[in-house]
Amino acid sequence: MSVKERRQNDLEQPLVSQQAMAQLFRGELSRSDTWRTRLDTTTNWALTTTAAVISFGFATPESSHVTFLVGIWMVVSFLLIEARRYRYYDLWNRRVRLLEDGWWAPMLRREPVDPDALRELAVEMSRPQIQLSLGSAIATRLNRAYGPILIVLMVTWFFKVYSHPRPPRDFNDFVERAHVAWIPGPVVMGSLLIITLAAGYLFIASFFIRAPLGELRTRPRGRRAAMWETFYRPYAIQRRKRPRRATSNRPTQPRSTPPFDH
């Protein structure tokens, strides 16, 4: 073999076997599952903190409403930590979806692989970069878990300030009750109002922005069916309609499906 032929063979692209792709898919799936477990851990911390705050806050009439403010601050901190973790989870989960969409799904359909998806996967592997913004991550986690938790804490804080030790005489009395040490009540009320407006805006925006690549999506349906099924079947999937067979007098012979290539 000449030197020129050897150089050409060295420049040839190596063949990608199915075993190599299976190992790559297994590794990316394991990494994605690890970051998903970290998300569940932070959510469990937030739920445990909320339960403890409500228990201690309503234990006695003399307990201060500052307990609920500390709980809100801790849940917001957990939300920011989980949003950061969710951005890393989205990075690894994006690779899994590219492998499923570009390699495994075409193989199951007996079609050629998607070169665009594999090219994007190669770019992600050569230069990993976080694709999801912090605002989108916070909005997604508010939609999934932290929105109801913050609503419960805000409502319980309101009832604590309103009902203990007695109902307020007027609105000014209610605002004065919200004070914390040397911090006046209007400042505390204004801070909670800003947090509520920001969380409400991100929560509502999460229904209109495009979901991340790894998030589940419902299949396209009619508007009535989509609105009705979101209440009791949020991930409902329509059954596929089988094509009708043409009736004819000729006897039909069953087609033999070709086996998978090994």
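A few points on the structure. (Residues numbered from 1 in each chain as written. Predicted model: local features only at pLDDT ≥ 70, side-chain atom pairs only at ≥ 80, totals over all residues. Heavy atoms only, no water.)

## Brief notes about the packing of helix α3 (residues 66-108) against helix α5 (residues 134-163)
Line of reasoning, step 1. With their axes 9 Å apart at the nearest point, α3 and α5 run at an angle of 170° to one another. The pairing of α3 with α5 is recorded here as roughly antiparallel in orientation.
Line of reasoning, step 2. Classifying every residue of the contact of α3 with α5 by side-chain character gives 20 nonpolar, three polar and four charged. (Axes fitted to C-alpha atoms, helices over the stretch in contact; angles between N-to-C directions. Helix = DSSP H or I, 4+ residues; strand = E, 2+ residues; numbered from the N terminus. Parallel < 35°, antiparallel > 145°, perpendicular 65-115°, else oblique. Nonpolar A, V, L, I, M, F, W, Y, C, P; charged D, E, K, R; others polar.)

## Points about the pattern of salt bridges
Line of reasoning, step 1. On inspection of all chains with the given rule, the structure shows eight salt bridges.
Line of reasoning, step 2. The closest approach of N and O atoms between Glu82 and Arg141, which form a salt bridge, is 2.8 Å. Within this pair, whereas Glu82 is found in helix α3, its partner Arg141 is found in helix α5, the two being separated by 59 residues in sequence. Each member of the pair, Glu82 as well as Arg141, is classed as buried.
Line of reasoning, step 3. Here Glu100 ties to Arg97 by a salt bridge, and the two come within 2.6 Å at their closest N and O atoms. Of this pair, Glu100 and Arg97 both sit in helix α3, three residues apart, which is roughly one turn of the helix.
Line of reasoning, step 4. A residue is classified by how much of its surface remains accessible, and Glu100, at 28% relative accessible area, is partly exposed.
Line of reasoning, step 5. A residue is classified by how much of its surface remains accessible, and Arg97, at 28% relative accessible area, is partly exposed. (Salt bridge = Lys/Arg side-chain N within 4 Å of Asp/Glu carboxyl O. Buried < 20%, exposed > 50% of the residue type's maximum accessible area, 1.4 Å probe, protein only.)

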